[in-house]
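Structure at a glance
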Amino acid sequence: MSNLPPADVQPFRKMASSHHPRVKVVVRLRPYQSTEDEQQEGPCVRGLDTRSLELVNWRSRTESMQYNFDAFYGDDTSQLEIYVNSVKPILSHVLNGQNASVFAYGPTGAGKTHTMLGSPKQPGVVPRSLLDIFRMVQEQSDQLCGPSWRFNVTMSYLEIYQEKVLDLLETTHQDLAIREDQDKNIFVPDLTQQRITSFVEFEQFFLPATQRRTTASTKLNCRSSRSHSVLLIKVVKLQQEAPFRELTGKLYLIDLAGSEDNRRTGNEGIRLKESGAINNSLFVLSKVVDALNQGLCRIPYRDSKLTRLLQDSLGGTAHSVMITNIAPEYKYYFNTLTALNFAAKSKLVVNRPFTQETIQPIGICPSKRSCEGSSSSLQHPAKRTKSGESVSADSSEELVFSPFLKPGEYDPEAFDSDVLERISNLEKMLRKHCKNGLPVLGTPKEERLQLLKKVEESRLQIEKLEQRQKQLEQVLALQGTAVGQTPRKETLLNRIHPGALCRGSVAKPRQQAIVTPLQRLDNGQLLKTGDTLVLKRKEKLDNKECSSDLENEFELTVDHELTQRRKDYILNILNTGDLKQLKTLQRVGDKTARLIMSWREHNGPFSQIEELEKIGMSLRTLSTFMRANVMSCMGR
């Protein structure tokens, strides 16, 4: 039988790459600022070549520590050079159905946001990446792919502020959840996904959303990012002819908030809380990298919203580039040292990218194929919005041919009428006995014959079982009439043990106590707090017919005498008991016991238990006190 799915299922194929690339780590050094160096000590880090740098050893300034990375960019490097050499090479994977990720890491004030966004004169990674994405889409549409392929580009923009995912495109979507589908893909339900067709449209949505990102001023940075921002660009490549392939690639552009030393930033109040959330998420990020390098079974992605979203970027399915921004001044020395150590660990992480390809199922006409599937917000990859009518195998009686036959290739006059009738009958028979929507012309001949053979064998087996059941029923009916009994209705017990139930076997009735259901009490019989219910046998009536029925019946009644004795016992302890005896009562601790003794000294003994309200005991606590102590008295 063919593995082709029904018409309402779309297969999701993962084609792994031939090699597993590492996370590409580059380091960018911010220009030295003399105003930041109060003691005028000069820079503490310098580059050796295009791949390595050295940092002064804090234990001995006569020594230095060297680091090697995929690339090192000095303080005179332009935005264009960083983008062309490190970011642009991975963008082509997005149009081939694979994921790519670029994220900036480093301490606060090191230039992460400048690297990602840039300025009007020096654009950063984000605007340059979008320009190239639209340029490559246009080139492939015009030259490489032609009219048989079409592209759909959408954007989503969010921030992680104090462990809450906030939608920057739609402010009403707040505190969103992060989910994982059956194919291990991370997605955010209800996140806005805006379709864009040009860079101008991208700017119309991106620039206002960037202004909504949470920023504040600290002692180290006048415009410090107080949240992690994630820009998602999704490119869907749709084939307009058989086999109707669909390639889905995602580009993550991430600007991480910088780690902060609150002793130097002077954060207080809400700023201190923001700093704690930022440092905690970056600490979990470091734990994830350590776990990946050690090969642990459990990777703590779920310990933070940030690492959950970066699951594809670190040890996941994306081609990743990490841009580590550092500052050269000595006041940032330990922040720089921490960032370089983290970058050195991150370059050992290995990702496993694959191509995400969806094939349109057989039986759907290409003219009615959906092209608006990505207008919803980051939905499940297997779900798609269908703007047109879909051809249903159950509701349509017409013959649906395979979409591998292009429109115009089928000429009804070229086929003999007998051949068409035979194909139509075969199609209807398969739809009747097999899965709905299973195509005929897309199934090999041998598999169709095997399918028909299995259907026929199953039908014959069912008929034999039905005949066997009828024979058993007739035998049982004959056995019942032979002994003068009326035929019994066949049950599972009779079928297994025909003689298990005999007419003369009568079990003696078991004597058991019957407790009548509780009736609603009248207003005068409502239970009060502390009342004691007892189970008593019902009194016999004068009527002899009813006496036998009530012999074993019981009823619940309130024993007022027993209740009063227990209340007197508790009241006696409240009035005469010392501290130790008072603490033997339930819900009475050391503080409450002292309050009771103090109240007795000033106001005399308690006349009733309800006077405990005067020492500050609430009605709810008093009710619990009554129930607990009445039960404890019952044990005594």
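Residues numbered from 1 in each chain as written. Predicted model: local features only at pLDDT ≥ 70, side-chain atom pairs only at ≥ 80, totals over all residues. Heavy atoms only, no water.

As for the pairing of strand S18 (residues 354-359)
The cut-off we apply is this: Buried means the residue's accessible area, taken with a 1.4 Å probe over protein chains only, is under 20% of the maximum for its type, while exposed means over 50%, and partly exposed covers the values in between. Put simply, DSSP marks the helices as runs of H or I at least four residues long and the strands as runs of E at least two long, and each gets a number from the N terminus on. What makes two strands pair is DSSP finding at least two bridges between them.
In terms of residue burial, S18 counts as a mostly covered element, since five of its six residues are buried. Where strand S16 (residues 245-255) and S18 come together, three bridges link them in antiparallel fashion. Within the sheet, the bridge partner assigned to Arg245 lies in S18 and is Ile359.

Section: the confidence of the model for the chain
Going by this rule: Predictor confidence is given residue by residue as pLDDT, running from a minimum of 0 to a maximum of 100. Any two residues whose heavy atoms approach within 4.5 Å at even a single point are treated as in contact.
In the predicted model, the chain carries a mean pLDDT of 75, and the fraction of residues at 70 or more is 69%. This model gives residues 435-442 a pLDDT under 50, and the stretch forms 22 contacts once residues within four places in sequence are excluded.

Quick word on unusual backbone geometry
Of note, the phi angle at Gln162 is positive, near 55°, even though the residue is not glycine. Mapped onto the elements, Gln162 comes out in the loop between strand S8 (149-161) and strand S9 (164-167). Its identity as a non-glycine residue notwithstanding, Glu163 has a phi of 65°, on the positive side. By the element assignment, Glu163 lies in the loop between S8 and S9.

Observations regarding helix H1 (residues 79-87)
Short version of the rule: The arc under discussion is defined with respect to the helix axis, by the directions toward the C-beta atoms.
All buried positions along H1 are accounted for by Gln79, Ile82, Tyr83, Ser86 and Val87. For H1, the angular spread of the buried residues around the axis is 100°, confining them to a single face.

Structural notes on the side chain of Glu329
To be explicit about the condition: Distance and chemistry together define a polar contact, namely a pair of N or O atoms within 3.5 Å, with one atom able to donate a hydrogen and the other to accept it when in protein, and with adjacent residues in sequence counting only for side-chain atoms on both sides.
Within the secondary structure, Glu329 is located in the loop between strand S17 (318-326) and helix H8 (333-346). One polar contact links Glu329 to Arg30, side chain to side chain, over a distance of 2.7 Å. Engagement of the side chain of Glu329 in a polar contact is seen with the backbone nitrogen of Gln33, the distance being 2.8 Å.

Regarding the pairing of strand S2 (residues 24-29)
Judged by how many residues are buried, S2 sits mostly within the fold: five of six residues are covered. Note that S2 and S17 share six bridges and pair parallel. Note on S17: the bridge partner recorded for Val27 is Thr324. In terms of strand pairing, S2 meets strand S6 (residues 71-73) through three bridges, oriented parallel. Within S6, the residue paired with Val26 across the bridge is Ala71.

A closer look at the side chain of Gln140
Locating Gln140 in the fold gives a position in helix H3 (residues 125-144). Side chain to side chain, Gln140 and Lys237 meet in a polar contact 3.3 Å long.

A word on the sheet that holds strand S5 (residues 64-68)
Under the convention used in this document: Axis lines are fitted through C-alpha atoms, for helices just across the contact stretch, and the angle between N-to-C directions can take any value from 0 to 180 degrees.
Taken in spatial order, the three strands line up as S3-S4-S5 in an open sheet, and their pairing is antiparallel. With partners counted over all chains shown, the strands left at the sheet margins are strand S3 (45-47) and S5, one partner each. Going across the sheet, the axis of each strand differs from the next one's by a mean of 25°, ignoring polarity. Bridge analysis of S3 against strand S4 (residues 52-56) gives three bridges, and the strand direction is antiparallel. Each residue of the ladder has a partner; that of Gly47, found in S4, is Leu53. Helix-sheet contacts for H8 involve S4 and S5, and the interaxial angle to S4 is about 140°.

Regarding the pattern of salt bridges
The following threshold applies: Criterion for a salt bridge: a side-chain nitrogen of Lys or Arg within 4 Å of a carboxyl oxygen of Asp or Glu.
Counting across every chain of the model gives 18 salt bridges. We note a salt bridge from Arg271 to Glu274, for which the minimum N-O separation is 3.0 Å. In this pair, Arg271 and Glu274 are both assigned in helix H6 (residues 270-294), three residues apart and thus about one turn of the helix distant. For Glu274, a relative accessible area of 2% puts it in the buried group. For the salt bridge of Lys583 with Asp590, the shortest nitrogen-to-oxygen distance reads 3.8 Å. Using a relative accessible area of 41% as the deciding quantity, one classes Lys583 as partly exposed. Residue classification places Asp590 among the partly exposed positions, given a relative accessible area of 34%. Through salt bridges with shared partners, one network takes in Asp132, Arg135 and Glu139.

Points about the packing of aromatic side chains
Here is the rule we go by: In summary, the pairing rule links any two rings of Phe, Tyr or Trp, Trp by its six-membered ring, whose centres are within 6.5 Å, and it sorts them by plane angle into stacked for under 30 degrees, edge-to-face for over 60 and tilted for everything else. Sitting over a ring, as applied to charges here, requires NZ of Lys or CZ of Arg to be within 6 Å of the ring centre and within 35 degrees of the ring normal.
Tallied over the entire structure, the rule returns eight aromatic pairs. Measuring from ring centre to ring centre gives 5.0 Å for Phe202 and Phe206, while their planes differ by 15°; the resulting arrangement is stacked. Placement of the pair is Phe202 and Phe206 together in helix H4 (residues 199-211), with a separation of four residues, close to one helical turn. The two residues Phe202 and Phe206 agree in class, both being buried. Taken together, the ring pairs in this structure connect Tyr157, Phe199, Phe202 and Phe206 into an aromatic cluster. Lying across the ring of Trp149, Lys237 places its NZ or CZ 5.0 Å from the centre. Residue placement shows Lys347 over the ring face of Phe69; its charged tip is 5.5 Å from the ring centre.

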